[in-house]
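An overview of the molecular structure
Residue strings, one per chain:
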Amino acid sequence: MDLYSGYINRLIAELSVLPGIGNKTAQRLAFHIINMKKESVEKLAGAMVEARNNVKYCNECFTLTDSDLCPVCANPARNHKQIMVVENTRDMTAYEKTCKYEGVYHVLHGAINPSLGIGPNDIRLAELLKRLQHDAEEVIIATNSSIEGETTAMYISKLIKPSGIRVTRIASGVPVGGELEYIDEVTLTRALDARVEL
Ligand code: ZN
């Protein structure tokens, strides 16, 4: 016997697809949505559709942005010869919040993870190498200090070093297994300042 209406069941099913949302949470959210004001639900749904339709990848660094170039890449005052490599847009935002980094970024959208079948061709690595053909002076690898992040850092370092470009890795102020987006700004700044040559 179906306890809920078909509409609620469908809403629960759609919400369950989201990461970190199990069936119980999906049910809770579904009932919350049903009790929200109609206008608020329309605003929420509209924001989702508009974000999905309009957000794109920056032509330079591949972060998510509303225009062809993100505000960092479009800023001539930034040092475009210093490129910080991060796993995702949230990590880039974490470093931007420190207001201490003056270079630009490259967003990989993932890390090498053989156990999940994610190889070098599944992240934005070819795009990074293409960027380095123009004059880059330093690549700062700021992938997470998880096994995947370290594997990715080593892989990138080996790939770039022969070109003579300086390759550094942010220091271990970032705890092992730590994800950048959850780390405070002081620690992130220290990790950048104390970066080491690879
Ligand atoms: Zn950009």
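Our subject in this report is the structure included herewith. The model shown is predicted, which means the values in this text are computed figures rather than measured ones. (Residues numbered from 1 in each chain as written. Predicted model: local features only at pLDDT ≥ 70, side-chain atom pairs only at ≥ 80, totals over all residues. Heavy atoms only, no water.)

Around the zinc ion, the protein supplies Cys-58 (SG), Cys-61 (SG), Cys-70 (SG) and Cys-73 (SG) as donor atoms, at distances of 2.3 Å. Around the zinc ion, the 4 donor atoms are arranged such that angles at the metal cover 105 to 117°; this shape is classified as tetrahedral. Expressed as a motif, the donor residue spacing for the zinc ion is C-x2-C-x8-C-x2-C. (Donors = N, O, S within 2.8 Å, 3.2 Å for Na, K, Ca; no water. Tetrahedral: all angles 85-135°; square planar, octahedral: opposite > 155°, others 65-115°.)

Right, let's get into the packing of aromatic side chains. Geometry of an aromatic ring pair is reported as the spacing of the ring centres plus the angle between the planes. For the structure shown, the criterion picks out 1 aromatic pair. Here the basic side chain of Arg-124 rests over the ring of Tyr-57, its NZ or CZ set 4.7 Å away from the ring centre. (Phe/Tyr/Trp six-rings, centres within 6.5 Å; stacked < 30°, edge-to-face > 60°. Lys NZ or Arg CZ within 6 Å of the ring centre and 35° of its normal.)

Let us now look at the pairing of strand S3 (residues 79–86). As paired strands, S3 and strand S4 (residues 103–107) are joined by 5 bridges and run parallel to one another. Paired with Val-85 across the strands is His-106, a residue of S4. In this view, the connection linking S3 to its parallel neighbour S4 by way of helix H4 (residues 89–97) has right-handed handedness. Bridge count for S3 against strand S5 (residues 138–141) is 4 bridges, and the pairing is parallel. Each bridged residue has a counterpart across the sheet, and for Gln-82 the counterpart in S5 is Glu-138. (Pairing = 2+ DSSP bridges. Helix = DSSP H or I, 4+ residues; strand = E, 2+ residues; numbered from the N terminus. Right-handed = clockwise from strand over helix to strand, strands pointing away.)

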